[in-house]
Amino acid sequence: MSKSQVIEQLQALGVNKGDTLFVAADLMKVGYFNRSIDQTLKDWVDIFQELLGDTGTIVVPTYSPQFLRFFQKYDFVFTADTASDSGSLAKAYLNFSPGALRGRHPTNSCTSKGFHSEKIAASDGPEFPKYSPYAKVVELGGKNLMLGIVDERNCPFTYHHVQESLGHTKTHPFSRLFETSYLDASGEKKKYIVKEVGGCTGGVHKAWGYHLAKEAVKFGKVGRSLSALVDAKKSAEILYKVMTENPHLIKCDNRSCISCYGRFRYNGAGAIWFYAREFPILLGKVLRRLFK
Ligand SMILES: [Zn+2]
């Protein structure tokens with residue numbers, strides 16, 4: 001598979017010059033390789049530059065680690081230069097994309113390059129809601145490329161954006177359970193407590209039918225993998241409707257999932273049974289962790 005074939009496949013999927021494109025990717029699944037890892041990552045930056053042109057913008061999640069409060073010791077301090085744990089495409093844009101701007105959010109920064117890059121980075125920091133850059137991409141009429149990640153775990157970024165706009169991210173059972181640290185504008189080390197949690201995305205694929213009905217998604221092969229291109233505005237409207245009228249739909253199939261089954265909002269009175277059943281198991285896990 002050549003670089004130009006990848007470009008053609010992405011164009012056939014609907015990626016155009018001038019697009020604001022949020023890309024979440026599993027590059028291994030796509031299976032495009034050049035002679036070294038570094039060269040392959042540089043090629044991916046070139047691929048998107050050619051696809052989007054100077055009027056387009058790419059946005060890539062470049063998230064950073066978070067740590068369990070009270071239990072986990074860490075010496076990590078987030079800055080614009082710290083590595084990301086969001087995979088190869090994050091590495092490509094942090095290391096091989098001169099002019100790309102990384103946001104300042106200590107756990108959920110995005111890195112963007114192109115026409116709207118400054119606008120997107122400006123709303124990405126510890127003083128903003130965690131998914132603010134997502135809101136910007138929706139507002140700008142952007143698209144979401146799910147590159148090699150159409151499966152039963154991943155979903156369009158619009159899901160966490162909608163959860164945030166409905167206040168769901170602040171009531172997740174893991175809210176305030178994690179933290180990290182970062183350097184503020186004056187170079188002082190500050191603690192950041194993660195109050196917003198989007199949580200499990202393992203059931204959101206059940207909403208693809210609504211997307212198909214509204215022509216909000218197109219699926220297609222890119223390399224070896226199935227990929228999707230999502231209209232962010234339409235998708236946000238669809239998921240807003242699902243999350244306000246029928247949030248039960250997006251529960252995953254794992255009944256031990258606290259994110260889907262331990263929340264009254266998503267599981268109704270079933271959440272009581274969840275805790276009755278799972279609490280002894282959870283307690284056992286915590287105790288084993290503490291005394292291992
Ligand atoms: Zn779940």
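These numbers were taken from a predicted model, which means no experiment stands behind them.

1. Things to note about the overall build of the chain
Next up, step 1: Across its full length, the chain carries twelve helices and ten strands.
Next up, step 2: Taken over the C-alpha trace, the chain has a radius of gyration of 20 Å; the compact-globule value for 292 residues is 19 Å, and the two agree within 12%.
Next up, step 3: Expressed along its principal axes, the backbone C-alpha trace of the chain runs to roughly 55 × 50 × 35 Å.
Next up, step 4: When contacts within the chain are restricted to residue pairs at least 6 apart in sequence, those whose partners lie at least 24 apart make up 65%.

2. What about the coordination of the zinc ion?
Next up, step 1: Protein coordination at the zinc ion comes from C200 (SG), C252 (SG), C257 (SG) and C260 (SG), with a distance range of 2.3 to 2.4 Å.
Next up, step 2: Every donor counted, the four donor atoms about the zinc ion form angles of 103 to 113° at the centre, which fits tetrahedral coordination.
Next up, step 3: Each donor residue of the zinc ion lies on one chain, and together they are spaced C-x51-C-x4-C-x2-C. With C200 in the loop between β8 (189–194) and α8 (208–213) and C252 in the loop between α9 (232–245) and α10 (258–261), the pair connects residues that are 52 residues apart, well separated along the chain.
Next up, step 4: Take C200: its relative accessible area is 21%, and that puts it in the partly exposed class.

3. Regarding the pairing of strand β10 (residues 225–231)
Next up, step 1: Extensive coverage of β10 is indicated by the burial of five of its seven residues.
Next up, step 2: Bridge count for strand β6 (residues 143–147) against β10 is four bridges, and the pairing is antiparallel. Residue N144 lies in a different strand from β10, and its bridge partner there is V230.
Next up, step 3: In terms of strand pairing, strand β9 (residues 217–222) meets β10 through six bridges, oriented antiparallel. Of the residues in β10, the one forming a bridge with K218 is L229.
Next up, step 4: The loop that links β9 with its antiparallel partner β10 comprises two residues; one of these, G223, has a positive phi angle of about 65°.

4. A look at helix α12 (residues 270–290)
An α-helix turns once every 3.6 residues. As a result, residues three or four positions apart point the same way.
Next up, step 1: Relative to the 30 Å expected for 21 residues at 1.5 Å per residue, α12 spans 29 Å between its end C-alpha atoms, a close match to the ideal helical length.
Next up, step 2: Of all the bends found along α12, the most pronounced is centred on E278 and spans about 45°, while P280, a proline, follows it within four residues.
Next up, step 3: Those residues of α12 that fall on the buried side of the exposure criterion are A271, F274 and E278.
Next up, step 4: Next to the buried residues of α12 lie α10 and α11 (264–267).

5. Let's talk about the packing of helix α7 (residues 158–165) against α9
Next up, step 1: Two elements in contact, α7 and α9, have axes whose closest approach is 9 Å; the angle formed by their N-to-C orientations is 55°. By the angle between their directions, the pair α7 and α9 is classed as oblique. Here the hand of the crossing between α7 and α9 comes out right-handed. Judged by residue contacts, T158, Y159, H161, V162, Q163 and S165 of α7 engage A232, S235, A236, L239, Y240 and M243 from α9.

6. Considerations on the domain arrangement of the chain
Interfaces are often described in size by the accessible area the parts lose on coming together.
Next up, step 1: As assigned here, the chain comprises domain 1 (3–62 + 80–161 + 202–250) and domain 2 (253–292).
Next up, step 2: Centre-to-centre, using C-alpha coordinates, domain 1 lies 31 Å away from domain 2.
Next up, step 3: With six residues of domain 1 at the interface, the matching set in domain 2 holds six residues.
Next up, step 4: Summing both sides of the interface, domain 1 and domain 2 together bury roughly 450 Å²; the carbon and sulfur share of this comes to 51%.
Next up, step 5: Broken down residue by residue, the surface that domain 1 buries against domain 2 is led by P247, H248 and I250, which jointly contribute 58%.
Next up, step 6: Inspection of the region where domain 1 meets domain 2 yields one salt bridge.
Next up, step 7: We note a salt bridge from D253 to K206, for which the minimum N-O separation is 3.0 Å.
Next up, step 8: Joining domain 1 to domain 2, the criterion identifies one residue pair in polar contact (both at pLDDT 80 or more).
Next up, step 9: A per-class count over the side of domain 1 that touches domain 2 returns four nonpolar, one polar and one charged.

Rules behind the numbers
Here the residue numbers are simple positions, counted from 1 along each chain's written sequence. It should be noted that, the model being predicted, local features are given only for residues of pLDDT at least 70 and side-chain atom pairs only at 80 or more, the latter also being counted only at that level, while totals for whole chains, interfaces and linings use all residues. As a convention, hydrogens and water are excluded, and side-chain values are obtained from all of the structure's heavy atoms. Helix numbering and strand numbering both begin at the N terminus, where a helix is a DSSP run of H or I of at least 4 residues and a strand a DSSP run of E of at least 2. When we talk radius of gyration, it's over C-alpha atoms, and the globule rule is simply 2.2 Å times the number of residues to the 0.38. Here, residues are in contact when the closest pair of their heavy atoms is within 4.5 Å. Atoms of type N, O and S within 2.8 Å of a metal are treated as its donors, and for Na, K and Ca the window is 3.2 Å; water is not considered, so some sites may appear to be missing partners. Geometry is assigned from donor-metal-donor angles: four donors are tetrahedral when every angle falls between 85 and 135 degrees, four are square planar and six octahedral when opposite donors sit over 155 degrees apart with all other angles between 65 and 115, and any other arrangement is irregular. A simple rule labels every residue: compare its accessible area, found with a 1.4 Å probe on the protein chains alone, to the largest value its type can have, and call it buried under 20%, exposed over 50%, or partly exposed in between. Pairing between two strands is assigned when DSSP locates at least 2 bridges connecting them. A helix is expected to reach a length of 1.5 Å times the quantity of its residues less one. Note that the bend at a residue is defined as the angle between axes fitted to the seven residues ending at it and the seven residues starting at it. Lines are fitted to the C-alpha atoms to define the axes, a helix being fitted only along its stretch in contact, and any angle between axes, read from their N-to-C directions, falls within 0 to 180 degrees. Angles are sorted into four bins: roughly parallel if under 35 degrees, roughly antiparallel if over 145, roughly perpendicular if 65 to 115, and oblique for all others. Note on convention: near helix rotated counterclockwise from far helix by under a right angle means a left-handed crossing. Clockwise means right-handed. Where each domain starts and ends follows an automatic or database-derived domain assignment. Put simply, buried area is the surface a 1.4 Å probe can reach on two separate parts but cannot reach once they are joined, added for both. Definition used for salt bridges: Asp or Glu carboxyl oxygen within 4 Å of a side-chain nitrogen of Lys or Arg. N or O atoms closer than or at 3.5 Å make up a polar contact, with two conditions inside protein: a donor-capable atom paired with an acceptor-capable one, and, for residues adjacent in sequence, both atoms drawn from side chains. Three categories are distinguished: nonpolar for Ala, Val, Leu, Ile, Met, Phe, Trp, Tyr, Cys and Pro, charged for Asp, Glu, Lys and Arg, and polar for the others, with Gly belonging to the last.

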